[in-house]
Structures are given as C-alpha cells and as structure tokens.
Amino acid sequence: MNKSIRCLILSITTKISLSGSESGGAHQFDMKKYDIPDITIAIDGYSSTGKSSFAKLIASELSFLYLDSGALYRAVTLYAMENGLISDDNKIDLQALAAALNTLDVHFENTAGGIRTYIGKRCVEKEIRSLKVSGKVSPVSAVPEVREYVNAKLREFGRGGRVVMDGRDIGTTVFPNAELKIFMTADPLVRAKRRAAEMEAKGEKVNISDVLENLKERDYIDSHRAVSPLSKAPDAIELDNSEMTLEGQMEWVKNVLSKKFGVNGL
Ligand code: DC
C-alpha cells in the first residue's frame, strides 16, 4: 500500500475513535454486552434492502462498530461530481480521479449523533444520500482504483473484528473470512417504497417511479461490473425481508448467532 494512503488511513482510524478508547480501530466499544467472540459480520445485498438499519441495530445490540461501506463510495462520488470528474452522461475522468484518491480525505467521525461521513472537515452525510449522488455512485464505484481506495480503509477499520459492515462485496472481497455473512434481498417495489419514505423523511421530494428506476439500474450495474460484482458468497445466509419488520429480522439474527456461536441471553 502506498505510504501516503497508509498515513491517511491511520489518521482516519484516530478520527473514527475520537470518543472511544485509546487503542483506536474497531475496539473503541469496550463494553461487551454479550459473551460473543470478536467476529466480523458482513451484510451484503441489493440497494435499499435495509442493510444499514439492520447492521446498525445489530451493532448497537452487540456493542460492535458499525461501518457503512456505501457511504465511502458515495463520498468519493460527491467529490467527483463537485470537481468535474464525472459528466452528466456519467463519463469519468479516470486519470484525474485516480490521482485525486492519493490525497482525498474521506473518513468517518464518531459524533454525538452517530458515525458521520466527512470529506476533509466537511460533514457530507446529507448530500451523499441525495438522488443525484445515487444516480452516479454505481459507475464511480465500478472504477478499480476507487474500490482499492475504499477497501483499504474498510480493512483497516475492521481489523480486530467486533464490527458489522454492510455493502455489496464485504463477504466476497473485503472480508472473505468474515465469521457471519448475511445476504439481503427484498422485492424491488418494497425497496423503492422504503427508499422514497426515507428520502421524504429527510425533506427530499421524490417520485416513486424514479426511485424504482434508479434501484433497478443500480442493481444491474452493481451485479454486472467487472470488479467485485454484487454476488452472494457461497457461505452467506440469505435473508429476504420483503415482509419482515426490523424486530423480526433481529429475532432471526439472534437465532443465527445463538446457533452458530452459542451466544446466550440474546
Ligand atoms: O449501500 P448504498 O446504496 O449506500 O451504496 C451506494 C453504492 O455504492 C451502491 O450503488 C454500490 C456501491 N457499493 C459498492 O459497490 N460496494 C460496496 N461494498 C458498497 C456500496
């Protein structure tokens, strides 16, 4: 790994553990609520299947660190959009983007409101969730240099386990040895409605058919790209949550954890 990227990652690790213990990395949450081994939980699946809500809740229940890999791809996309590195018809200036990654400071900060995504000193948590960014994130995340950049950060953050990470290739590429891999699916219309409700709650005006179109397009690009396409790891457990509540999903995962790792009292 290039030295400057490594330094950047180390500074990022410090930023993410600002309000935690001094050891940094994934170990800032010392309270072990349950007697559970230091495992890595990888949650992959289609867009808007509720991966992040599920992953956040699991992390909070187990006192694990939650990391949203899509947020890093979204932040790199926002940077590319704001710096003229991607055109209206999604043509990417590959050379300029690859060069920018050498100094780009995308990181997470652990704030009172939860973990937030930053570019340098600027919190971009809201902007990266817009439909504009969603429309460009798949082509940007298909660029091999972007994937390398994001994966290096994720591996550093996830070093040592006790982490729940969600994305598209966590169980296949980023952490192929993750002890628990979950692959999430749901009916596309159910997913579009969930995404639209989420965006409306944040004050963004949306049209359900635009959201559905964007989801389908992203599903296609994410599953067909040359590098690290979205696919279910052979050892992942599939969860179709079209008709499940978040509570129902928690019951499901607690059952899996107690059977697989003998965790009691969940
Ligand atoms: O999870 P999300 O919708 O916020 O992810 C945004 C995009 O990032 C998604 O369309 C594909 C890409 N992504 C990826 O390629 N690999 C990941 N591990 C996570 C996200």
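Keep in mind that what you see is a predicted model, and the values were worked out from it rather than measured.

1. Comments concerning the nonpolar core
Ranked by internal contacts, the top residues of the largest apolar core, which has 36 residues, are Val76, Leu97, Val106 and Val146. Elements with a minimum of two residues in this core: strand 2 (65-68), helix 3 (69-82), strand 3 (106-111), helix 5 (131-141), helix 6 (144-158), strand 6 (163-167) and helix 7 (170-174). If you tally residues by element for this core, the top one is helix 3, at 7 residues. When near neighbours in sequence (up to four residues on either side) are disregarded, Val146 contacts Tyr73, Val76, Leu97, Leu101, Val140 and Ser141. With 22 residues, the next largest nonpolar core counts Ala55, Phe64, Leu180 and Ile182 among its residues.

2. Focus: the site of the ligand
The ligand sits among 15 residues. The nearest are Arg74, Arg147, Arg168, Asp169 and Arg225. At 2.9 Å, a side-chain N or O of Asp169 approaches a nitrogen atom of the ligand. At 2.8 Å from an oxygen atom of the ligand is found a side-chain nitrogen or oxygen belonging to Arg225. Relative to its free-state accessible area of 440 Å², the ligand is covered by the protein chains to the extent of 96%. For the shell around the ligand, the elements supplying multiple residues, two or more each, are helix 3, helix 5 and helix 9 (208-224). Ranked by residue count, the leading element in the shell around the ligand is helix 3, at 4 residues. When grouped by side-chain class, the residues that make up the shell around the ligand number 2 nonpolar, 5 polar and 8 charged.

3. Side note on the pattern of salt bridges
Going through the model one piece at a time under the given rule, you end up with 14 salt bridges. Its salt-bridge partner being Arg162, residue Asp38 comes within 3.1 Å of it at the nearest N-O pair. You can see Asp38 sitting in the loop between helix 1 (3-16) and strand 1 (40-45) and its partner Arg162 sitting in the loop between helix 6 and strand 6, a full 124 residues away along the chain. Exposure remark for Asp38: the relative accessible area of 37% places this residue in the partly exposed category. Lys91 serves as the salt-bridge partner of Asp89, at 3.4 Å between the closest nitrogen and oxygen. A relative accessible area of 57% places Lys91 in the exposed class. Linked by salt bridges that have partners in common, Asp68, Glu125 and Arg129 make up one network.

4. A short note on the packing of helix 5 against helix 9
At a minimum axis separation of 9 Å, helix 5 and helix 9 run at an interaxial angle of 15°. With respect to helix 9, the axis of helix 5 lies roughly parallel. By crossing handedness, the relation of helix 5 to helix 9 is classed as left-handed. Where helix 5 approaches helix 9, its residues Leu131, Ser134, Gly135, Val137, Ser138 and Pro139 are matched on the opposing element by Asp210, Asn214, Arg218, Ile221 and Asp222. Split by residue class, the contact of helix 5 with helix 9 holds 4 nonpolar, 4 polar and 3 charged.

Quick notes on the rules
- Residues numbered from 1 in each chain as written.
- Predicted model: local features only at pLDDT ≥ 70, side-chain atom pairs only at ≥ 80, totals over all residues.
- Heavy atoms only, no water.
- Core = buried A, V, L, I, M, F, W, Y, C linked by side-chain atoms within 4.5 Å.
- Buried < 20%, exposed > 50% of the residue type's maximum accessible area, 1.4 Å probe, protein only.
- Helix = DSSP H or I, 4+ residues; strand = E, 2+ residues; numbered from the N terminus.
- Contact = heavy atoms within 4.5 Å.
- Near = heavy atom within 4 Å.
- Polar contact = N/O pair within 3.5 Å; in protein donor to acceptor, adjacent residues only side chain to side chain.
- Areas by Shrake-Rupley, 256 points an atom, 1.4 Å probe, with all protein chains shown as cover.
- Nonpolar A, V, L, I, M, F, W, Y, C, P; charged D, E, K, R; others polar.
- Salt bridge = Lys/Arg side-chain N within 4 Å of Asp/Glu carboxyl O.
- Axes fitted to C-alpha atoms, helices over the stretch in contact; angles between N-to-C directions.
- Parallel < 35°, antiparallel > 145°, perpendicular 65-115°, else oblique.
- Left-handed = near helix turned anticlockwise from the far one by under 90°.

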